[in-house]
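# Results of the structural survey
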Amino acid sequence: GFTFKLQDRGANGLMALETAAGDLLAAGNADPILTRLNTDFTARTPQLYLDLDRVKAKRLGIPLSNIFESLQTNLGSAYVNDFTIFGKNFRVYAQADAEYRRVVEDIGMLEVRDRENNMIPVSSLVTVSDTIGPKTIFRYNLFPSATITGMAVPGKSSGEAVAAMERLAEQ
């Protein structure tokens with residue numbers, strides 16, 4: 001098998017990179033030397049966008065780091081410490097239970113402290129909206145890239161397959 005890196009050297013954007021990768025896959029799968037081409041790059045992964053009202057947070061005396069830490073700890077996880085028991089070391093992570101981070105509205109139920117020690121709901125500071133974007137942005141030689149994997153058909157070498165991919169990419 002082989003790995004081919006398709007790079008966005010012209011700063012055309014991630015959607016254009018996804019389109020180019022799809023076009024290259026289609027052309028490659030029609031090529032008599034190539035088979036089993038695949039990529040895991042996508043620029044259309046469903047995501048949530050949180051628009052934080054930074055002015056309001058500052059007015060209420062809520063450090064932005066408190067808001068970000070609350071989101072990270074509850075929706076992702078946060079390392080707390082290690083402890084040893086029965087001769088084994090264990091790591092402790094904090095995270096909200098699954099039932100409290102199942103739906104988008106759960107984000108707004110989180111709370112942070114203001115300067116007067118009052119608990120302020122995150123929903124009064126952030127607006128959540130749906131968006132799409134890449135799951136991960138890989139870079140190759142500093143350029144955004146999509147990795148394409150594939151194989152040469154039986155009887156052809158991987159060198160011939162890579163040459164075919166390079167020819168198709170140039171086209």
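Keep in mind that what you see is a predicted model, and the values were worked out from it rather than measured. (Residues numbered from 1 in each chain as written. Predicted model: local features only at pLDDT ≥ 70, side-chain atom pairs only at ≥ 80, totals over all residues. Heavy atoms only, no water.)

## Here's the deal with unusual backbone geometry
Positive phi values are uncommon outside glycine, yet Phe86 reaches one of about 55°. Accessibility expressed as a relative area gives 78% for Phe86, which makes it exposed. For Leu142, which is not glycine, the phi torsion reads 75° and is therefore positive. Summarising the element assignment, Leu142 is placed in the loop between β9 (138–140) and β10 (143–152). Assessed through its relative accessible area of 75%, Leu142 is described here as exposed. (Buried < 20%, exposed > 50% of the residue type's maximum accessible area, 1.4 Å probe, protein only. Helix = DSSP H or I, 4+ residues; strand = E, 2+ residues; numbered from the N terminus.)

## Describing the environment of Glu160
Relative to the elements of secondary structure, Glu160 occurs in helix α5 (residues 158–170). Since its relative accessible area comes to 34%, Glu160 is described here as partly exposed. C-alpha of Glu160 to C-alpha of Ile33: the two residues are 127 residues apart in sequence and 7.4 Å apart in space. Separated by 2.8 Å, the side chain of Glu160 and the backbone nitrogen of Ser157 make a polar contact. (Polar contact = N/O pair within 3.5 Å; in protein donor to acceptor, adjacent residues only side chain to side chain.)

## Structural notes on the environment of Leu14
Here Leu14 lies in helix α1 (residues 14–30). Overall, Leu14 belongs to the partly exposed group, its relative accessible area being 22%. A C-alpha to C-alpha distance of 9.2 Å links Leu14 and Arg44, two positions 30 residues apart in sequence. For Leu14, the residues in contact, after removing those within four places along its chain, are Phe41, Ala43, Pro134, Ile137 and Pro144. (Contact = heavy atoms within 4.5 Å.)

## With respect to the packing of aromatic side chains
Inspection of the entire model under this criterion finds two aromatic pairs. Taking the centre distance of 5.8 Å and the plane angle of 70° together, the rings of Tyr79 and Tyr93 count as edge-to-face. Of this pair, Tyr79 sits in strand β4 (residues 78–85) while Tyr93 sits in strand β5 (residues 88–94), and the two are 14 residues apart along the sequence. Relative accessible area serves as the criterion here: at 47%, Tyr93 is assigned to the partly exposed category. (Phe/Tyr/Trp six-rings, centres within 6.5 Å; stacked < 30°, edge-to-face > 60°.)

## Examining α1
For an α-helix, 3.6 residues make a turn, and residues three or four places apart therefore share a direction. Over its 17 residues, α1 runs 24 Å from end to end, which matches the ideal 24 Å to within 8%, given 1.5 Å per residue. Every buried residue of α1 is listed here: Leu17, Glu18, Ala21, Leu24, Leu25 and Gly28. What you see down the axis of α1 is that its buried residues fit within an arc of 125°, all on one side. More than 90 degrees from the buried face of α1, the exposed residues found are Asp23, Ala26 and Ala30. Where the residues of α1 are buried, they touch β1 (2–7), β2 (34–39), β10 and α5. (Expected span 1.5 Å × (residues − 1). Arc of directions from axis to C-beta.)

## Section: the pattern of salt bridges
Evaluation of the coordinates by the stated rule reveals three salt bridges. Among the ionic pairs, Glu18 bridges to Arg44, the shortest N-O distance being 2.3 Å. On the criterion of sequence distance, the pair formed by Glu18 in helix α1 and Arg44 in the loop between β2 and β3 (45–52) is long-range, its members being 26 residues apart. For Glu18, a relative accessible area of 13% gives the class buried. The exposure class of Arg44 is partly exposed, given its relative accessible area of 44%. (Salt bridge = Lys/Arg side-chain N within 4 Å of Asp/Glu carboxyl O.)

## Here's the deal with a nonpolar patch on the surface
A surface patch of nonpolar side chains, amounting to about 430 Å² of accessible area, comprises Phe83, Ile85, Phe86 and Phe90. With respect to the element layout, Phe83 can be found in strand β4. (Patch = residues over 30% accessible without salt bridge, like charges linked within 9 Å, V, L, I, M, F, W, Y side chains within 5 Å. Areas by Shrake-Rupley, 256 points an atom, 1.4 Å probe, with all protein chains shown as cover.)

## Some points on helix α3 (residues 64–75)
Relative to the 16 Å expected for twelve residues at 1.5 Å per residue, α3 spans 16 Å between its end C-alpha atoms, a close match to the ideal helical length. Of the residues making up α3, those classed as buried are Ile67, Ser70 and Leu71. Looking straight down α3, one finds that the buried residues subtend no more than 95° of arc, so they occupy a single side. On the buried face of α3, the contacting elements are β3, α2 (54–59), α4 (105–109) and β6 (111–113).

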